[in-house]
Amino acid sequence: MFYGTTKRRRTGPRPSRLDADTLAALRAYLAERKVPEDAVAAPYVCEPPAELAVYLAQAGVPFSRRLLQLIRASGLSEVEIYKRAHVDRKLFSKIRSDPNYQPKKTTVIAFALALRLSLEETQELLSSAGFALSGSTPFDLIVRFFVERGEHDLFLVNDALYAFGQPVLMV
């Protein structure tokens, strides 16, 4: 809420900014997923639809838990991994203790390199933090290039990023 404004109570239907094509496409999308008409017919209900709760319950493992699982599976200690990733102890402690911690994309990539993950595993770790390696940005393509080739040297990746004018990973 902005200062100086008051909350307004809804007194009727709000004007829609959706065009007819978008609205039709949304209805088709919901119909494909077998969402009952009455579930979307009441837009001013205070509680979210049950279907949304079911959908959100299928959420994947959050980044911090996924990272700790991968560290355990690697056979290396947490200290070895966060040092390889060039992440300081305080940041790692924050990641470890807060399951809702939202890291930067560069932090996730640094951990993926430290863990020597495959491209698929790297994508999964990035996804757990809400990121992906795109096929259209130089930064992502450079990282992908090295991960696909099994080259996980953080300094080598940083040198390549720097050479192409991209932001470097943690050092």
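Numbers given for residues are sequential positions, taken from 1 along each chain in its written order. Totals for whole chains, interfaces and linings use all residues, but because this is a predicted model, local features are given only for residues with pLDDT of at least 70 and pairs of side-chain atoms are given and counted only at 80 or more. Heavy atoms throughout the structure, all of them, feed into the side-chain values; hydrogens and water do not.

Our next topic: the packing of helix α8 (residues 119–128) against helix α9 (residues 138–148). Two quantities define a packed helix pair, namely the angle between the helix axes and the distance between the axes. Fitting a line to C-alpha atoms yields each axis, with helices limited to the stretch in contact; the angle taken between N-to-C directions then spans 0 to 180 degrees. Secondary structure follows DSSP: runs of H or I at least 4 residues long count as helices, runs of E at least 2 residues long count as strands, and numbering of each begins at the N terminus. Between α8 and α9, the least distance of the axes is 9 Å, while the angle of their chain directions is 135°. Between α8 and α9, the angle falls in the class oblique. Only R144, V147 and E148 of α9 make contact with α8, whose side of the interface consists of L119, T122 and Q123. Asp, Glu, Lys and Arg are counted as charged, while Ala, Val, Leu, Ile, Met, Phe, Trp, Tyr, Cys and Pro are counted as nonpolar; the rest, among them Gly, fall into the polar class. Along the lines of polarity and charge, the residues of the contact of α8 with α9 split into 2 nonpolar, 2 polar and 2 charged. Working definition: roughly parallel below 35 degrees, roughly antiparallel above 145 degrees, roughly perpendicular at 65 to 115 degrees, and oblique for all remaining angles. Note on definitions: a residue-residue contact is assigned when non-hydrogen atoms from the two residues lie within 4.5 Å.

To continue, consider helix α7 (residues 105–114). Relative accessibility decides the category of a residue: with a 1.4 Å probe and only protein chains considered, values under 20% of the type maximum give buried, values over 50% give exposed, and everything between is partly exposed. α7 sits mainly inside the fold: 8 of its 10 residues count as buried. Looking only at α7, the buried set comprises T107, V108, I109, A110, F111, A112, L113 and A114. Lining the buried residues of α7 we find α4 (63–74), α5 (78–84), α6 (89–97), α8, α9 and α10 (154–163). Once α7 ends, the next one or two residues include R116, with phi positive near 55°.

Counting 36 residues, the largest nonpolar core has F63, L67, F92, I109, F111, L125 and L169 as its most contacted members. Secondary-structure elements contributing two or more residues to this core are α4, α5, α6, α7, α8, α9 and α10. With 7 residues, α7 is the largest single contributor of residues to this core. The contacts of F92, once residues within four sequence positions are left out, are L67, L68, I71, E78, Y82, V87 and F111. The set of buried Ala, Val, Leu, Ile, Met, Phe, Trp, Tyr and Cys residues whose side-chain atoms join them within 4.5 Å is what this entry labels a nonpolar core.

We now examine the packing of aromatic side chains. When two rings of Phe, Tyr or Trp (its six-membered ring) have centres within 6.5 Å they constitute a pair, described as stacked for plane angles under 30 degrees, edge-to-face for angles over 60, and tilted for the intermediate range. Scanning the model with the defined rule gives 3 aromatic pairs in all. Note on F92 and F111: the rings are 6.1 Å apart at their centroids and 50° apart in plane angle, and the pair reads as tilted. Of the two residues, F92 is situated in helix α6 and F111 in helix α7; the sequence distance between them amounts to 19 residues. We note that F92, like F111, is buried. An aromatic cluster is present here, built from Y82, F92 and F111 joined pairwise through their rings.

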